[in-house]
Amino acid sequence: MTVTFEVRDGVGTIRLDRPPMNALDVAIQDRLRELAEEATRREDVRSVILYGGEKVFAAGADIKEMQAMDHTAMVLRSKGLQDAFTAVARIPKPVVAAVTGYALGGGCELALCADFRIAADNAKLGQPEILLGLIPGAGGTQRLARLIGPSRAKELIFTGRMVKAEEALALGLVDRVVPAAEVYEQAYAWAAKLAKGPALALRAAKESIDAGLETDIDTGLTIERNWFSGLFATEDRERGMRSFVEEGPGKATFG
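Residues numbered from 1 in each chain as written. Predicted model: local features only at pLDDT ≥ 70, side-chain atom pairs only at ≥ 80, totals over all residues. Heavy atoms only, no water.

*Asks:* Where do I start with the overall build of the protein in this structure?
*Replies:* Of regular secondary structure, the protein possesses eleven helices and nine strands. Projected onto its principal axes, the C-alpha positions of the protein cover 60 × 40 × 35 Å. Expressed as a percentage of its 255 residues, the buried residues of the protein come to 43%. Roughly 13,400 Å² of accessible area belongs to the protein as shown, and the carbon and sulfur atoms make up 56% of that amount. Charge-centre separation for the protein: the mean point of 32 positive side chains lies 1 Å from the mean point of 36 negative side chains. (Helix = DSSP H or I, 4+ residues; strand = E, 2+ residues; numbered from the N terminus. Buried < 20%, exposed > 50% of the residue type's maximum accessible area, 1.4 Å probe, protein only. Areas by Shrake-Rupley, 256 points an atom, 1.4 Å probe, with all protein chains shown as cover. Lys, Arg positive; Asp, Glu negative; His and termini not counted. Charge placed at Lys NZ, Arg CZ, Asp CG, Glu CD.)

*Asks:* Quick question: what am I supposed to make of the nonpolar core here?
*Replies:* Ranked by size, the top nonpolar core spans 48 residues in total, and within it Leu50, Phe57, Leu125 and Leu173 carry the most contacts. Listed in part, the 15 residues of the second largest apolar core include Ile49, Phe116, Ala120 and Ala192. (Core = buried A, V, L, I, M, F, W, Y, C linked by side-chain atoms within 4.5 Å.)

*Asks:* Teacher, can you tell me more about the packing of helix 1 (residues 26-41) against helix 3 (residues 71-89) here?
*Replies:* Packed helices, taken two at a time, are described by the angle their axes make and the gap between the axes. Interaxial distance between helix 1 and helix 3 falls to 8 Å at its minimum, and their mutual angle equals 40°. Accordingly, the angle class assigned to the pair helix 1 and helix 3 is oblique. The crossing of helix 1 and helix 3 is left-handed. In this structure, helix 1 uses Val26, Gln29, Asp30, Leu32, Arg33 and Ala36 to contact helix 3, whose residues at the interface are Arg77, Leu81, Asp83, Ala84, Ala87 and Val88. Here the contact of helix 1 with helix 3 is composed, by residue class, of seven nonpolar, one polar and four charged. (Axes fitted to C-alpha atoms, helices over the stretch in contact; angles between N-to-C directions. Parallel < 35°, antiparallel > 145°, perpendicular 65-115°, else oblique. Left-handed = near helix turned anticlockwise from the far one by under 90°. Contact = heavy atoms within 4.5 Å. Nonpolar A, V, L, I, M, F, W, Y, C, P; charged D, E, K, R; others polar.)

*Asks:* Would you explain helix 8 (residues 183-195) in this entry?
*Replies:* Helical geometry: 3.6 residues make up each α-helical turn, so side chains three or four residues apart lie on a common side. Between its first and last C-alpha, helix 8 extends 18 Å over 13 residues, near the 18 Å set by a 1.5 Å rise per residue. For helix 8, the full list of buried residues reads Val183, Ala187, Tyr188, Ala191, Ala192 and Ala195. Down the axis, helix 8 shows its buried residues gathered within 150° of arc, on one side only. The outward face of helix 8, more than 90 degrees from its buried face, is lined by the exposed residues Glu185 and Lys193. Buried positions along helix 8 lie against strand 1 (3-8), strand 2 (11-16), strand 3 (47-51), strand 4 (95-99), strand 6 (116-120) and strand 9 (176-178). (Expected span 1.5 Å × (residues − 1). Arc of directions from axis to C-beta.)

*Asks:* How should the packing of aromatic side chains be read in this particular structure?
*Replies:* Here the distance between the centres and the angle between the planes together describe a pair of aromatic rings. For the coordinates displayed, the defined rule picks out four aromatic pairs. Ring geometry for Tyr51 and Tyr184: centres 4.8 Å apart, planes at 40°, overall tilted. A residue pair is termed long-range when its members are at least 10 positions apart, and Tyr51 in strand 3 and Tyr184 in helix 8 qualify at 133 residues. Taken together, a centroid distance of 4.9 Å and an interplanar angle of 5° make the contact between Phe116 and Trp190 stacked. (Phe/Tyr/Trp six-rings, centres within 6.5 Å; stacked < 30°, edge-to-face > 60°.)

*Asks:* How do you make sense of the side chain of Asp25 when you look at a structure like this?
*Replies:* By the secondary structure assignment, Asp25 is in the loop between strand 2 and helix 1. The residues contacting Asp25, other than those within four sequence positions of it, are Arg18, Asp62 and Glu65.

*Asks:* For this particular structure, what's the right way to read the environment of Ala87?
*Replies:* By secondary structure assignment, the location of Ala87 is in helix 3. Apart from residues no more than four positions distant in its own chain, Ala87 is found in contact with Arg33 and Ala36.

*Asks:* I tried to follow the sheet that holds strand 5 (residues 102-104) on my own but got confused; where do I start?
*Replies:* Either a parallel or an antiparallel arrangement is found when strands of a sheet pair, and the pairing is made through backbone hydrogen bonds. Spatial ordering of the open sheet is given by 5-7-8, a layout of three strands whose pairing is mixed. Only two strands of the sheet have a single neighbouring strand rather than two, namely strand 5 and strand 8 (162-164). The mean angle between the axes of side-by-side strands here comes to 20°, regardless of whether they run parallel or antiparallel. (Pairing = 2+ DSSP bridges.)

*Asks:* When you look at the side chain of Thr100 in this model, what are you seeing that I'm missing?
*Replies:* Relative to the helices and strands, Thr100 is located in the loop between strand 4 and strand 5. With residues near it in sequence (within four places) discarded, Thr100 still touches Tyr51, Gly53, Glu54, Lys55, Val56, Phe57, Ala120 and Val183.

*Asks:* How should the pattern of salt bridges be read in this particular structure?
*Replies:* Note on pairing: side chains with opposite charge can pair once their charged atoms come close. All told, the structure shown has 14 salt bridges when counted by the stated rule. Asp30 is the salt-bridge partner of Arg77, the closest N and O atoms lying 2.9 Å from each other. Linking Arg77 in helix 3 with Asp30 in helix 1, this pair joins segments that are 47 residues apart in sequence. Take Arg77: its relative accessible area is 16%, and that puts it in the buried class. (Salt bridge = Lys/Arg side-chain N within 4 Å of Asp/Glu carboxyl O.)

In structure tokens form, the structure reads like this:
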């Protein structure tokens with residue numbers, strides 16, 4: 001398999017495994033969508049890690065495969081490409097990308113689908129599609145601009161340049177930089193901590209933020225209000241408030 005899915009203690013790891021560079025061909029794209037849907041569906045999966053292995057996250061799309069496509073073929077394929085990444089972005093659980101080595105083109109776009117990005121100190125990220133006479137096609141023009149702002153996104157996309165981990169951190173493209181040997185370990189620690197949290201409240205928080213970013217403030221507040229009031233019907237809310245009153249803050253455990 002070129003993409004695997006392993007679940008341990010509530011943490012599901014989606015791992016790219018297509019040496020040497022984890023090129024994202026059509027088969028990997030479709031498998032990513034399938035696994036994202038599985039992670040969404042499974043109750044034993046409470047958080048997710050995106051990982052490409054110790055050496056590289058993903059160096060981009062399979063250029064040889066793309067070169068063989070004409071306009072008609074890409075018209076037919078491009079929605080499937082975007083749907084795969086959108087399925088990852090819409091996993092209603094916390095998702096962290098553990099980024100090692102190169103995360104370029106589609107690899108960078110995949111990392112953008114996560115809620116949090118932990119990068120190795122040797123990581124390099126970028127959207128080099130312009131150097132092929134193209135633009136990002138798996139969400140890069142949209143998610144990158146929303147994450148780091150339109151001006152910074154345009155500079156990276158217009159030039160196609162790669163940024164090293166520390167610059168990516170300064171830009172807000174990644175959230176933490178750690179030694180390369182610790183990337184997965186730290187991603188797992190973050191995901192495992194959230195896997196013990198209140199699943200419905202985490203889903204509500206993620207969907208309120210993500211949906212709110214796509215609309216006006218009044219609509220966003222309505223989304224938040226509906227989720228907020230809806231959580232009063234959950235066992236986790238009862239447990240959390242009871243624990244707070246009886247034991248103090250931060251001591252509740254959730255099933």
